[in-house]
Amino acid sequence: MSSTSTLNVDDKSVELAVKEGTIGPSVVDISKLYAQTGMFTYDPGFTSTAACESKITYIDGDKGILLYRGYPIEQLAEHGDFLETCYLLLYGELPTAAQKADFDYRVTRHTMVHDQMNRFFTGFRRDAHPMAVMVGSVGALSAFYHDSTDISDPHQRMVASMRMIAKMPTLAAMAYKYSIGQPFVYPQNDLDYTSNFLRMCFAVPAEDYKVNPVLSRALDRIFILHADHEQNASTSTVRLAGSSGANPFACIAAGIACLWGPAHGGANEAALKMLEEIGTPERIPEYIAKAKDKNDPFRLMGFGHRVYKNYDPRARIMQKTTHEVLNELGIKDDPLLDVAVELEQIALKDEYFIEKKLYPNIDFYSGITLKAMGFPTSMFTVLFALARTVGWIAQWSEMIEDPSQRIGRPRQLYTGSPKREYVTLAQRG
Ligand code: SDX
């Protein structure tokens, strides 16, 4: 159902259509505003702007709700596995047993990468950040898989989607192995998706590797939590890149580059480094004061969110998973966890954080869990990118298949110099 809203600009009055969604805020359609008024809207950071219509993920920031295709994240994380969530995000419905088996089979048989990629990796310095390697190697996939880069062909789009979801764990594991000077481990088809990834990361040729099922289940759940999140910065980057017709591998590489930022997916690495820097609960008040100090650029990493003005529902599940993993590994008292729990309790009682509605987000606890599993901090955002690839692909596909989609091209408020005549060098003195 839609109604209208009236906007009075100078002596003009324009009727703007109001569109309602299934749930959540309605939108005022301003797509014709410039033609009608000669004016743009102004919304740096897009805090009040809906850039698209989507059926994939819904977030209620005030209530701390996250739904993938209508299903609460808590239920998907509890009852399903990551590939089930991938199927749901891509096709809109939970798979039947037969559909799930077929999807798992197809993903599993796309996990190997073109063997020449091995030589591509050796071009990187050993100490390159794994995210730099991921941006480069994922972008390079378009140089190896020409037969799935024509975005106008639905079959090629499907092949590219399966390749991306299937090959990200292999590339992520290769980035990790390369950074520690160990040989690449090939995927094994008799392992499930996340067990395969753990084996590719931690197996060595010198001995057999047995996947810990508790850790594999925990990491699989972590992937579900990170799979999609509406129109966040990296997803919007993928959509904008895709709107020009760029191939899917290039678009996902753009998403990885954006996710790397510490304000976004890089926050899990930054949050763990922050906890290590704080070191002990006694030093927490000093850092809380720094976070509140307007003149200090320090922020509590893993805290705050553009949309969630309540507890990030993923952070709750993440916290539970952290305890599960530490128990399984027999880590009785993790000093970083002590600092994190104490920091959270102090911050949530502090007027500044209450007034600004700053709560722990998904990145606050994830680092502790991943470190306990044996991943270096430099791999944390790589794991985020691995999991978010399906969300990026689902959003990219939705954008490509949207009949109203056109190249994204925002405008601006120009405050630079008015037109002026060129002054020759001689005249400039
Ligand atoms: C992710 O968008 C998504 O969905 C992202 C994500 C996903 O799944 O894709 O959820 C993943 O990126 C989670 C967020 C991870 N980032 C961090 O944890 C970094 C620390 N957080 C902040 O940088 C910040 O909270 C953001 C970037 C997450 C959100 O920033 P906003 O929405 O632009 O909010 P803001 O910067 O305008 O802050 C509002 C106020 C400001 O104070 P005032 O200027 O109003 O006085 O809150 C303050 C900020 O200074 N503030 C913080 C703070 N976060 C915001 N103060 C101290 N510590 C913080 N963490």
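Residues numbered from 1 in each chain as written. Predicted model: local features only at pLDDT ≥ 70, side-chain atom pairs only at ≥ 80, totals over all residues. Heavy atoms only, no water.

Colleague: If you had to explain the sheet that holds strand 6 (residues 71-72) to someone new, which residues and values would you point to?
Modeller: Pairing within the open sheet is antiparallel, and its 3 strands lie in the order 4-5-6. Among the strands making up the open sheet, the edge pair consists of strand 4 (57-60) and strand 6. Bridge analysis of strand 4 against strand 5 (residues 65-68) gives 4 bridges, and the strand direction is antiparallel. Across the sheet, the residue bridging to Asp60 is Ile65, located in strand 5. (Pairing = 2+ DSSP bridges. Helix = DSSP H or I, 4+ residues; strand = E, 2+ residues; numbered from the N terminus.)

Colleague: For the side chain of Ser243, give the residues involved together with the corresponding values.
Modeller: Among the secondary structure elements, Ser243 is positioned in helix 10 (residues 233-243). For Ser243, a relative accessible area of 10% corresponds to the buried category. Beyond its immediate chain neighbours, meaning those up to four positions away, Ser243 contacts Met399, Gln405, Arg406, Ile407 and Gly408. (Buried < 20%, exposed > 50% of the residue type's maximum accessible area, 1.4 Å probe, protein only. Contact = heavy atoms within 4.5 Å.)

Colleague: Which residues make up the site of the ligand, and what values do they have?
Modeller: Taken together, 24 residues sit near the ligand, with His229, His305, Arg306, Arg314 and Arg388 positioned nearest. Take Ala263: an N or O atom from its main chain is 2.9 Å from a nitrogen atom of the ligand. Lys294 is positioned such that a nitrogen or oxygen atom in its side chain is 3.3 Å from an oxygen atom of the ligand. Against a free-state accessible area of 1100 Å², the protein chains account for coverage of 78% of the ligand. Broken down by class, the residue content of the shell around the ligand amounts to 10 nonpolar, 7 polar and 7 charged. (Near = heavy atom within 4 Å. Polar contact = N/O pair within 3.5 Å; in protein donor to acceptor, adjacent residues only side chain to side chain. Areas by Shrake-Rupley, 256 points an atom, 1.4 Å probe, with all protein chains shown as cover. Nonpolar A, V, L, I, M, F, W, Y, C, P; charged D, E, K, R; others polar.)

Colleague: Before we move on, can you summarise the packing of aromatic side chains with the specific residues and values?
Modeller: Aromatic ring pairs: the centre-centre distance and the angle between the two ring planes describe each pair. One pass over the structure, following the stated rule, counts 21 aromatic pairs. Summarising the aromatic geometry, the rings of Phe197 and Phe375 are spaced 6.0 Å apart at their centres and angled 10° between planes, so their arrangement reads as stacked. Linking Phe197 in helix 8 (residues 193-202) with Phe375 in the loop between helix 17 (363-373) and helix 18 (380-401), this pair joins segments that are 178 residues apart in sequence. For Phe375, a relative accessible area of 2% corresponds to the buried category. The rings of Phe82, Tyr176, Tyr193, Phe197, Phe202, Phe223 and Phe375 are connected pair by pair, giving a single aromatic cluster. Taking NZ or CZ as reference, Arg316 lies 4.1 Å from the ring centre of Tyr311, over its face. The ring of Tyr34 has Arg411 lying over it, and the distance from NZ or CZ to the ring centre is 5.9 Å. (Phe/Tyr/Trp six-rings, centres within 6.5 Å; stacked < 30°, edge-to-face > 60°. Lys NZ or Arg CZ within 6 Å of the ring centre and 35° of its normal.)

Colleague: Can you lay out the environment of Arg199 for me, pointing to particular residues and giving the numbers?
Modeller: By the element assignment, Arg199 lies in helix 8. A C-alpha to C-alpha distance of 40 Å links Arg199 and Gly45, two positions 154 residues apart in sequence. Discounting residues that sit within four places of it in the chain, Arg199 has contacts with Val185, Tyr186, Gln188, Leu191, Tyr209 and Val211. At 2.8 Å, the side chain of Arg199 forms a polar contact with the side chain of Gln188.

Colleague: Let's hear about the pattern of salt bridges: which residues, and what values?
Modeller: In total, this model carries 19 salt bridges according to the counting rule given. Note that Lys19 and Asp29 form a salt bridge whose closest N and O atoms lie 3.9 Å from each other. Taken together, the positions of Lys19 in strand 2 (residues 12-19) and Asp29 in the loop between strand 3 (27-28) and helix 1 (33-37) put the pair 10 residues apart, joining distant regions of the chain. Among the residues examined, Lys19 registers a relative accessible area of 43% and is labelled partly exposed. Put simply, Lys55 and Glu53 hold a salt bridge, and the shortest N to O gap is 3.5 Å. A single burial state applies to Lys55 and to Glu53, both of which are exposed. Because the salt bridges share partners, they merge into one network encompassing Asp81, Lys100 and Asp104. (Salt bridge = Lys/Arg side-chain N within 4 Å of Asp/Glu carboxyl O.)

Colleague: So what's going on with helix 13 (residues 284-292)? Which residues, and what values?
Modeller: The set of residues buried in helix 13 consists of Ile284, Tyr287, Ile288 and Ala291. The buried residues of helix 13 occupy one face: seen down the axis, they fall within an arc of 105°. Summarising the contacts, the buried residues of helix 13 are in contact with helix 12 (267-278), helix 15 (335-349) and helix 16 (351-355). (Arc of directions from axis to C-beta.)

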